[in-house]
Amino acid sequence: MKRYLKKSSLGLFSVLILMGCLYQGFTFLVHAEEWRQAIGPWKWVFPKDHGSHPEFRTEWWYFTGNLTDSSKNRFGYQLTFFRQGVLYKANDPNHPWAIRDVYLAHFALTDVSLNQFWFAERVSRQGPGFAGAAEDGMHVWLLNWMARMEGNRIKIEARHQGMELSLDLVPRKPLVFHGKNGLSQKGPQQGQASYYFSYTNMATEGWIKTPQSPSIISVKGTSWFDHEFGSNQLAPGQVGWDWFSLHLSDGQELMVYFLRRKDGSMEPSSSGTLVKPSGHTLHLKLSDINLEVLDYWKSPKSGGRYPSRWRMKVPSGGIELELTSLVASQELLTEGSTGVIYWEGAVAGKGTSGGRPITCEGYVELTGYAGSLGGLF
Amino acid sequence: MKIVTKSFLRYLPRRLSLSLLQLMGVACGVAAVVGMTLSAQTALKSFSKAIEFLRGKATHSIQRPVGPMEESFLSSLARDPAVEWFSPVIDRQLSLETGSPVRLLGIDPFLDRPLRPELAQVEWLGKKTDVAENLLSFLTDEKAVFVDQDLKEEIGITSEKTIDTTKGTLHVKGSFPNPSGEPLMIMDIGHAQKIYQLQGYVDRVDLILSDEYGFSSRWNKGFLIQSSRQRSETFSGMLQAFRLNLEALSLLALFVGVFLIYNTAMFTVISRRRDTGILRSLGAKRLEIFVAFLSEILILGVIGGALGGLIGYFLTQLLTGLIGSSISNLYFFLRPEPVAWSSWIPITGVLLGCSASLFGGIIPLVELIRINPVQAMSGRVASRESARKAKKVALGGLFVLLLSLLLFLLPGAHIYVGFAGVFGFVLGVSLLTGIVLLVFHPVVKKVLQILGKLPGKVAAGNIRQNLGRTGVAIAAFMISLSMSIGLSAMIGSFRQSLIWWMDTQIRGDLYIGKILEAEVPEDFFEELRKIEGLGGVHPYRNVLTLYRNTSINVSAVDARVLEKYAQFGWLKGGNENWESVKQGGVIVSESFSRRFGMKSGDIITLEGNQGPVDFKVGAIFYDYTTEHGLVMMDRPTFIKTFGDRTLNNIGIFIDPDHPRRAELLQEVRRRGEARGLPVLTGAQLHEEILEVFDTTFAITRSMRVIAIIVAFFGIAGALLTLFIERSREFGIYRALGFSTSQVARMTLMEGLGMGLVSFFLSIAVGTVLAVLLIKVINIRSFNWTIFYYPALKPYLLTGVTAILASIGAAAYPIWRVYRTYPQIQIREE
């Protein structure tokens with residue numbers, strides 16, 4: 001879900017990346033009526049649906065994960081690919097530089113033991129082979145960052161200056177389809193929806209390199225993968241969202257998001273999904289979830305004041321958790337290109353599930369807490 | 001001490017006209033130096049600034065050795081482990097309606113931003129609120145461009161507007177800041193490919209590399225990889241000869257300027273001998289006199305220097321543009337910003353004015369305080385003594401001349417040595433002026449007597465009598481005139497050589513396309529070839545590449561057509577030289593041969609698309625298109641080596657007696673124009689080349705004018721000093737019965753005499769200077785031979801200038817004669 005919301009900033013990415021302009025809607029650029037709307041059930045066909053759906057305006061492939069090395073040092077990573085449609089039909093489809101879509105990607109690494117966080121971002125048109133997404137299966141790339149699924153295994157790779165990542169991801173559970181068999185309604189209007197599915201638990205193995213590690217670090221862990229596509233806009237009146245994806249030590253996964261409105265209330269469509277060890281899912285409504293912020297962290301760079309410690313209760317799932325960010329500073333300031341500021345980082349916590357003590361780890365995304373950095377740079 | 005100094009300084013306002021003239025002397029000298037040096041520096045600095053700006057944060061660039069690079073390599077580049085970032089670029093030129101050239105950069109805004117963030121700071125011209133719509137239009141409108149802010153102001157646009165260019169009508173969507181001073185436009189790379197017919201190609205890729213060695217080892221074959229430093233060096237290397245010439249002109253300005261200030265300061269000192277004598281006999285100490293003089297000289301230096309700095313600053317505003325357009329014509333589009341005002345300009349002027357004044361004043365000053373008061377009071381130095389001194393100086397002059405001769409004889413010496421030789425020659429000759437004046441005194445007397453009767457004869461005597469003063473003034477004037485003759489004769493000969501060269505190489509009836517911007521589609525070439533009756537359709541390609549890490553030009557020609565229709569100027573042999581070209585060899589320009597020491601039969605190795613290729617040099621030809629060296633090969637050889645099929649222009653040759661000649665020419669012109677290509681007749685192309693030539697030498701010509709102005713003040717100062725000094729003599733003339741008009745004529749004859757002597761001396765010196773510039777400086781800095789074409793015009797022009805300047809210089813003293821002569825009495829005698 002959170003990814004769906006991201007699309008408003010996606011448009012913004014393109015605008016800002018291009019010319020460093022102010023925060024303006026990208027929405028003017030596209031004639032929404034041309035794009036296919038997320039209406040009605042989708043007939044899922046895999047591996048084809050892991051690929052691109054260019055008839056929809058916005059699409060993303062989103063990887064986050066918690067990793068450890070052989071010395072039990074903890075790391076976190078995020079690698080995200082976005083496709084944002086600009087023109088439904090390129091002006092000159094045979095010209096490789098003609099613009100139809102813009103591809104964007106974010107790459108972040110967290111070293112918990114060093115209390116360090118690094119990120120990078122990219123944007124490009126398809127051009128002569130710079131970026132793209134296959135339609136017959138998962139192969140999405142942006143320059144030398146890529147994600148590719150072969151058989152049951154997803155390979156992800158990224159390299160930027162001192163940061164590097166090369167991981168193999170193998171699902172431990174089947175795909176989870178959110179909402180109504182993957183049709184995730186976002187607003188009251190028809191078409192205010194997206195198609196959305198996840199691998200919530202993927203065994204992860206490979207290596208990473210941080211700007212401070214002298215050589216590559218072999219790592220293992222668990223990843224979360226989301227794939228979502230749609231064409232509609234974010235509802236007006238929303239200022240941001242808090243999104244949680246958690247792996248519980250009893251084999252369950254919990255995804256929860258809250259849409260925050262300008263007046264301080266939560267969007268009624270805020271919801272979540274609890275994935276049982278068997279892979280069965282339980283849809284959670286806003287009223288099923290109780291979230292309390294225990295502490296805040298103030299970014300010295302953006303001035304944004306982000307929640308940093310939470311107490312979360314899901315009574316219908318028998319879950320009670322206390323969560324803390326593993327590194328306070330996991331804020332992405334994309335002043336070089338996008339101007340969008342958000343916090344996305346590794347978290348961990350403990351609590352009880354069905355009365356039994358458990359631990360958990362995962363990723364949290366917090367947006368709309370800091371204004372645009374435009375004035376600062 | 002104060003009293004002495006005060007009494008000295010009182011002299012300044014008392015002799016206001018002389019003081020002003022001296023002040024102007026210093027000011028003009030300083031202005032010439034400041035103006036020339038500062039504008040040369042500014043233009044060169046803005047050149048390197050433009051290079052830096054274009055380079056952005058790129059550490060390297062990769063391109064084909066010749067011609068554009070296939071874009072299919074881009075995705076592999078993106079994945080190369082050494083590539084941190086990359087941005088493909090199309091780097092071309094177009095011209096605005098006004099004819100001014102603009103660099104057009106075709107970039108991918110997404111990829112380019114990390115390298116050149118400045119380009120992304122766009123100020124939209126459309127509705128500012130509708131950024132997204134504006135942006136979309138830049139990416140999707142094939143004619144959309146951003147222009148740099150200066151260009152925007154130049155065109156005078158405030159809202160979205162179309163501008164007409166040689167690449168069609170473009171839509172200006174916004175502007176961006178450009179600190180580089182180079183007129184710049186940005187277009188989306190995909191659209192730039194279309195307007196330059198480069199689909200599938202880019203000109204180069206700018207890179208940020210983390211591992212140069214690793215990258216080079218993977219991309220070493222068929223590509224040219226340059227670090228940004230190398231690239232800057234290549235660019236500034238292109239400018240080297242030009243830079244040298246600017247330096248030489250600045251030095252020349254310095255020489256003339258210092259000479260003038262020296263002249264002025266010396267006059268200040270020697271015209272005050274009598275006052276010194278009086279003060280000394282009244283009990284003033286030597287030190288007091290010294291300090292008094294020093295303050296006077298320094299006051300002149302400070303005020304004149306500051307004023308000169310100011311004039312120099314205004315001069316710079318003019319000269320910078322001239323230098324900029326020369327650079328634009330020859331190398332790189334540039335719009336140097338005029339120097340910004342800085343308090344350092346007058347400070348530099350003051351320092352220059354003071355040091356040159358001290359340099360000029362110190363010897364006569366030391367001499368003055370050493371002689372005894374009686375001698376000093378007697379006024380001027382006895383002529384016998386000045387004759388002895390002139391001989392001594394002449395000996396020094398001979399020595400300097402000998403030294404410079406040695407400099408010229410040094411084999412393979414650096415261009416700076418050549419310059420040193422030229423300056424030595426000028427200095428040496430100027431030191432000989434006194435003795436020449438003594439030797440030719442009888443002739444001068446005769447001439448002036450014929451021109452001015454008795455006053456003329458007296459005037460000649462005066463010139464001889466006041467050798468110490470007149471000698472220096474004549475020397476300064478002579479040097480300015482010689483420079484004028486030398487530079488004019490050199491430029492004239494160069495122009496004639498160029499005309500000769502054009503007649504050998506550019507003999508086509510029509511030329512389609514311009515070398516720098518318009519590329520001619522290959523299918524058009526094929527289309528023209530099919531027209532029956534055309535004697536020759538000549539495809540021409542000229543492109544920069546590197547040879548031994550320096551820029552050279554390579555051109556592709558059709559040897560068969562040129563053999564038949566052109567008459568190349570060969571250093572050796574004749575048209576049989578084309579045989580080697582037909583057989584896959586190359587011919588090279590004289591500049592290439594001299595620069596790299598290549599002879600016929602030598603082998604040169606050029607980097608081709610498939611790696612290095614050896615070529616045998618078949619012959620050497622005269623060429624003035626580039627001082628960097630030109631390698632010419634047959635088109636099939638060129639395509640085989642570089643895989644570049646681009647055409648810069650097409651030459652059309654029709655036999656002069658062809659019955660359908662006019663009709664055919666009309667047909668070709670029609671077809672070319674239908675394709676929007678520029679079509680020029682051979683004569684028009686010649687004219688355009690000459691126009692570029694003339695613009696290029698505008699700066700040299702303006703230097704000539706500055707030299708004359710400086711010299712004018714020199715000679716005027718000398719005349720006025722003589723006049724003021726001799727007020728007492730005028731009393732005697734009056735007693736002898738000289739009428740006002742006779743004295744006026746005498747003054748005029750003195751001016752004219754000095755002017756004429758200067759001019760006659762400059763005929764010889766200027767001619768030698770021209771020969772030195774042509775045979776030493778040009779060959780060493782441009783590596784090409786200019787043929788010396790004697791011409792009367794520079795001499796006539798300089799003669800007229802000399803006469804007018806000397807009459808002009810005498811005008812004020814004459815006016816003084818008319819105003820004061822009748823009142824002059826013999827007061828002391």
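Residues numbered from 1 in each chain as written. Chains lettered and ligands numbered in written order. Predicted model: local features only at pLDDT ≥ 70, side-chain atom pairs only at ≥ 80, totals over all residues.

A. Broad picture of the overall build of chain B. Of the regular secondary structure elements, chain B holds 30 helices and 21 strands. Over its C-alpha atoms, taken along the principal directions, chain B stretches across nearly 100 × 65 × 50 Å. Out of the 829 residues belonging to chain B, those deemed buried represent 51%. A fraction of 86% describes how many contacts in chain B between residues 6 or more apart in sequence connect residues 24 or more apart. (Helix = DSSP H or I, 4+ residues; strand = E, 2+ residues; numbered from the N terminus. Buried ≥ 20, exposed ≤ 12 C-beta atoms within 10 Å, placed from the backbone. Contact = placed C-beta atoms within 7 Å.)

B. Local environment of the overall build of chain A. Counting secondary structure elements, chain A contains 1 helix and 23 strands. Sorting the 377 residues of chain A into buried and exposed places 53% on the buried side. Relative to all contacts within chain A whose residues are 6 or more apart in sequence, the contacts with residues 24 or more apart total 58%.

C. Main features of the nonpolar core. If you look at the biggest cluster of nonpolar residues, it comprises 184 residues, and the most contacted ones within it are Val586 and Val631 of chain B. Two domains each provide a minimum of three residues to this core, namely domain 1 (1–59 + 222–379) and domain 3 (514–677) of chain B. Apart from residues lying up to four places away in sequence, Val631 of chain B is in contact with Ile552, Val554, Val586, Val588, Phe592 and Ile604 of chain B. Ile154, Phe197, Leu246 and Val275 of chain A belong to the second-largest nonpolar core, a separate cluster that totals 143 residues. (Core = buried A, V, L, I, M, F, W, Y, C linked by C-beta atoms within 7 Å. Domains from an automatic or database assignment.)

D. Region of interest: the packing of helix H17 (residues 415–439) of chain B against helix H29 (residues 740–782) of chain B. Residues and elements named next belong to chain B. One can describe the packing of H17 onto H29 by two numbers: an axis separation of 10 Å at closest approach and a directional angle of 170°. The angle between H17 and H29 falls in the class roughly antiparallel. For the pair H17 and H29, the contacting residues are Ile415, Gly418, Gly421, Val422, Phe425, Val429, Thr433, Val436 and Leu437 in the first and Val757, Leu761, Val765, Val768, Leu772, Val776, Ile777, Arg780 and Ser781 in the second. Across the contact of H17 with H29, the residue classes break down as 13 nonpolar, 4 polar and 1 charged. (Axes fitted to C-alpha atoms, helices over the stretch in contact; angles between N-to-C directions. Parallel < 35°, antiparallel > 145°, perpendicular 65-115°, else oblique. Nonpolar A, V, L, I, M, F, W, Y, C, P; charged D, E, K, R; others polar.)

E. Geometry of the pairing of strand S3 (residues 83–95) of chain B. All names here are of chain B. Across 6 bridges, S3 lies against strand S11 (residues 204–209) in antiparallel orientation. If you follow Val89 over to S11, its bridge partner there is Arg204. Bridge analysis of S3 against strand S4 (residues 101–107) gives 7 bridges, and the strand direction is antiparallel. Bridge assignment links Val89 to a residue of S4, and that residue is Ile107. The turn linking S3 back onto S4 is made up of 5 residues, and Gly99 within it adopts a positive phi angle of 95°. (Pairing = 2+ DSSP bridges.)

F. Here's a closer look at the packing of H17 of chain B against helix H19 (residues 467–505) of chain B. All names here are of chain B. Following both chains from N to C, one finds H17 and H19 inclined at 135°, their axes separated by 9 Å at the closest point. Taken together, the axes of H17 and H19 lie oblique to each other. Considering only the axes of H17 and H19, their crossing is right-handed. Each of Val426, Ser430, Thr433, Gly434 and Leu437 in H17 lies in contact with H19, whose residues at this interface are Leu467, Gly471, Ile474, Ala475, Met478 and Ile479. Of the residues belonging to the contact of H17 with H19, the class tally is 7 nonpolar, 4 polar and no charged. (Left-handed = near helix turned anticlockwise from the far one by under 90°.)

G. Broad picture of helix H14 (residues 344–370) of chain B. Here H14 of chain B is 27 residues long and its end C-alpha atoms lie 37 Å apart, about the 39 Å a rise of 1.5 Å per residue gives. Roughly 40° is the biggest bend found in H14 of chain B, and it falls at Ile362 of chain B, with proline Pro364 of chain B one to four residues downstream. (Expected span 1.5 Å × (residues − 1). Bend = angle between axes of the 7 residues up to and from the residue.)

H. View of the pairing of strand S8 (residues 153–160) of chain A. Residue and element names in this part refer to chain A. Side chains of S8 alternate between two faces, with Ile154, Ile156, Ala158 and His160 buried and Arg153, Lys155, Glu157 and Arg159 left unburied. Following strand S7 (residues 145–150), the chain reverses through 2 residues before pairing antiparallel with S8; Gly151 in that reversal takes a positive phi of roughly 65°. Of the pairings in the sheet, the one linking S8 to strand S9 (residues 163–171) comprises 7 bridges and is antiparallel in character. Within S9, the residue paired with Lys155 across the bridge is Asp168. Turn length for the S8-S9 hairpin, with the two strands adjacent in sequence and antiparallel, is 2 residues, and the turn residue Gln161 shows positive phi of about 45°.

I. Inspection of the domain arrangement of chain B at higher detail. All names here are of chain B. Annotation of chain B at the domain level lists domain 1 (1–59 + 222–379), domain 2 (66–209) and domain 3 (514–677). For domain 2 versus domain 3, the separation of C-alpha centres amounts to 31 Å. Taken together, the contact pairs 9 residues of domain 2 with 11 residues of domain 3. Considered class by class, the residues forming the side of domain 2 that touches domain 3 number 3 nonpolar, 5 polar and 1 charged.

J. Just the confidence of the model for chain B, in detail. Looking at chain B as a whole, its pLDDT mean stands at 82, while 90% of the residues score no less than 70. Of the two predicted TM-score estimates for the complex, the pTM is 0.76 and the ipTM is 0.84. (pLDDT = per-residue confidence, 0-100.)

K. Quick look at the sheet that holds strand S13 (residues 510–512) of chain B. Residue and element names in this part refer to chain B. Pairing is mixed in the open sheet, where 9 strands are placed in the order S17-S18-S16-S19-S15-S14-S20-S13-S21. Strands at the two margins of the open sheet, each flanked by one partner only, are strand S17 (603–608) and strand S21 (679–681). Each strand axis lies, on average, 30° off the axis of its neighbour in the sheet, ignoring direction. Here helix H25 (residues 661–674) sits on the sheet and contacts S13, strand S20 (649–653) and S21; the angle it forms with S13, its principal contact strand, is near 15°. Relative to S21, helix H26 (residues 682–696) is tilted by about 90°, and along the sheet it contacts S13 and S21.

L. Structural view of the environment of Ala810 of chain B. Residue and element names in this part refer to chain B. Tracing the backbone through its elements, the reader meets Ala810 in helix H30 (residues 793–820). Since 27 C-beta atoms lie within 10 Å of it, Ala810 is described here as buried. Sequence separation between Ala810 and Glu750 is 60 residues, and the spatial gap between their C-alpha atoms is 8.0 Å. When near neighbours in sequence (up to four residues on either side) are disregarded, Ala810 contacts Leu719, Thr747, Leu748, Glu750 and Gly751.

M. The arrangement of the environment of Gly65 of chain A in detail. Residue and element names in this part refer to chain A. Within the fold, Gly65 resides in strand S1 (residues 58–68). Accessibility expressed as a C-beta count within 10 Å gives 27 for Gly65, which makes it buried. It is 30 Å that separates the C-alpha atoms of Gly65 and Gly264, two residues lying 199 residues apart in sequence. Setting aside residues no more than four positions away along its own chain, Gly65 makes contact with Tyr77, Thr204, Gly221, Thr222, Ser223 and Trp224.

N. Focus on H25 of chain B. Residues and elements named next belong to chain B. Taking 1.5 Å as the rise per residue, H25 with 14 residues should run 20 Å; its terminal C-alpha atoms sit 20 Å apart, in good agreement. All of the buried residues along H25 are Leu664, Val668 and Gly672. Relative to the axis of H25, the buried residues are bounded by an arc of 70° and lie together on one face. Exposed side chains of H25 directed beyond 90 degrees from the buried face belong to Ala662, Glu663, Gln666, Arg670, Glu673 and Ala674. Elements in contact with the buried residues of H25: S13, helix H20 (522–529), S20 and S21. Just past H25, the residue Gly676 takes up positive phi, approximately 75°. (Arc of directions from axis to C-beta.)

O. Spatial organisation of the environment of Ala120 of chain B. All names here are of chain B. Examined against the element boundaries, Ala120 turns out to sit in the loop between helix H5 (109–112) and strand S5 (123–124). When the 21 C-beta atoms within 10 Å are taken as the criterion, Ala120 is described as buried. With 149 residues separating them in the primary sequence, Ala120 and Val269 have C-alpha atoms 62 Å apart.

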